[in-house]
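Next come the chains, spelled out residue by residue.
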Amino acid sequence: TKDTVEGHLTDSGDKRISAHTVWVFEPLKAIGDVQQTEVTFTTNVELGGNIPTSVMNIIAPRFLNQVSDLRKKFDKSKEIDAFTRLEVVKKMR
């Protein structure tokens, strides 16, 4: 039989999965002119049944890669390193 859940057609063998994600952003002290933010990312996933390991091995890394991609996008390591090197040079003089 086919049922409808929130407007989506489903079969009796379908698995219903839900997820709740929370992002918490907290400002930190700037390093030079580079603003710093601590980010906490928490996710709770209800799988609604047995999901094959092979499927989870594909889905989980893709999900976590989104967080890694955001980190790379906002990476300011070079700017922070430049500021830190200048501070060391000032102390050496």
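Whatever comes next refers back to the structure up there.
Structural notes, computed from the coordinates. This is a predicted model, so every value here is computed, not measured.

Thresholds applied
Residues numbered from 1 in each chain as written. Predicted model: local features only at pLDDT ≥ 70, side-chain atom pairs only at ≥ 80, totals over all residues. Heavy atoms only, no water. Helix = DSSP H or I, 4+ residues; strand = E, 2+ residues; numbered from the N terminus. Buried < 20%, exposed > 50% of the residue type's maximum accessible area, 1.4 Å probe, protein only. Contact = heavy atoms within 4.5 Å. Areas by Shrake-Rupley, 256 points an atom, 1.4 Å probe, with all protein chains shown as cover. Pairing = 2+ DSSP bridges. Phe/Tyr/Trp six-rings, centres within 6.5 Å; stacked < 30°, edge-to-face > 60°.

Attention now moves to the overall build of the chain. For the chain, the helix and strand inventory stands at two helices and four strands. In sequence order, the chain lays out its α and β elements as β-β-β-β-α-α. Out of the 93 residues in the chain, the part that is buried amounts to 5%. Taking the intrachain contacts of the chain between residues at least 6 apart in sequence as the baseline, contacts between residues at least 24 apart amount to 41%. Here the chain has roughly 8400 Å² of accessible surface; of this, 55% comes from carbon and sulfur atoms.

When strand 3 (residues 18-31) meets strand 4 (residues 34-46), the two strands line up antiparallel, connected through 12 bridges. What sits directly across from T21, in strand 4, is T43. Once strand 3 ends, the chain turns through two residues before running back antiparallel as strand 4, passing G32 with a positive phi of about 65°.

Now for the packing of aromatic side chains. The tally for this structure, following the rule as stated, stands at three aromatic pairs. Plain terms: the ring middles of F41 and F63 are 5.7 Å apart, the flat faces sit at 40° to each other, and that makes the pair tilted. Placement of F41 in strand 4 and of F63 in helix 1 (residues 53-73) is noted, with a sequence separation of 22 residues between them. Here the aromatic cluster, defined as three or more aromatic residues joined through ring pairs, consists of W23, F25, F41 and F63.

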